[in-house]
Amino acid sequence: MTTIKSPELTQLNEDEEVNAEVTWEDQQNINSFSKLVSKYNDIEEQYEHKKQEKEYIDDLALELELVDEDELVRYKIGDAFILLSLSEVQSRLEQETSLLTEEVEELRNQLDSMNDKMQQLKTILYGKFGTAINLEKD
């Protein structure tokens, strides 16, 4: 019979072992940390997407500066393109930019708040379990 050893599971040395009993409160802290990490990752993905979208709109606004004012511009709404005047498109882009800026700022605040909570939980859990628990991203 062949034994397959998983690289993620490593045994602690005797001097690294911590014989701490996991209380209900500890388990709640571990669960809270796990939920925060999951939510953090989801919000971080949204944050990066919104930030990228804002950069695209900023680039588009710069490109529109080269367009003649009399020329109609194709503007995408949903799955359709409509022809609008340059000033109307620029106005809509300004609105989208300000909305995205607010969304990016709100997501950044949420990430910062969650990071603070995770740091507090890390302090508590590492204080009790030391190296017997791993709370770092791989």
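Calculation rules
Residues numbered from 1 in each chain as written. Predicted model: local features only at pLDDT ≥ 70, side-chain atom pairs only at ≥ 80, totals over all residues. Heavy atoms only, no water. UniProt positions renumbered as here; feature names shortened; annotations may be inferred. Helix = DSSP H or I, 4+ residues; strand = E, 2+ residues; numbered from the N terminus. Buried < 20%, exposed > 50% of the residue type's maximum accessible area, 1.4 Å probe, protein only. Contact = heavy atoms within 4.5 Å. Areas by Shrake-Rupley, 256 points an atom, 1.4 Å probe, with all protein chains shown as cover. Expected span 1.5 Å × (residues − 1). Phe/Tyr/Trp six-rings, centres within 6.5 Å; stacked < 30°, edge-to-face > 60°. Lys NZ or Arg CZ within 6 Å of the ring centre and 35° of its normal. Pairing = 2+ DSSP bridges.

Looking up the chain in an unreviewed UniProt entry gives the name Prefoldin subunit 4, with the organism given as Paraglomus occultum. The UniProt entry for the chain carries this comment under Subunit (unreviewed entry): "Heterohexamer of two PFD-alpha type and four PFD-beta type subunits." In UniProt, the chain has this text filed under Function (unreviewed entry): "Binds specifically to cytosolic chaperonin (c-CPN) and transfers target proteins to it. Binds to nascent polypeptide chain and promotes folding in an environment in which there are many competing pathways for nonnative proteins."

Let us now look at the overall build of the chain. A count of helices and strands for the chain gives 2 helices and 2 strands. For the chain, the N- to C-terminal ordering of α and β elements is α-β-β-α. Within the chain, the fraction of its 138 residues that count as buried is 20%. Sequence-distant contacts in the chain: of pairs separated by 6 or more residues, those separated by 24 or more amount to 65%. In the structure as shown, the chain presents an accessible area of about 10,900 Å², 48% of it carried by carbon and sulfur atoms.

On to helix α2 (residues 86-129), then. Over its 44 residues, α2 extends 62 Å from the first C-alpha to the last, a length consistent with the 64 Å expected when each residue adds 1.5 Å. One or two positions beyond α2, positive phi appears at G130, with a value near 55°.

Our focus in this paragraph is the packing of aromatic side chains. Considering all chains together, one arrives at 0 aromatic pairs under this definition. For the cation-ring pair, R74 lies above F81, with the distance from its terminal atom to the ring centre recorded as 5.8 Å. Across from the ring centre of Y47, 5.2 Å away, lies the NZ or CZ of R108, which sits over that ring.

With that settled, consider the pairing of strand β1 (residues 72-77). Across 6 bridges, β1 lies against strand β2 (residues 80-85) in antiparallel orientation. Paired with R74 across the bridge in β2 is L83. The antiparallel pairing of β1 with β2 creates a hairpin that spans 2 residues between the two strands, and G78 there sits at a positive phi of about 70°.

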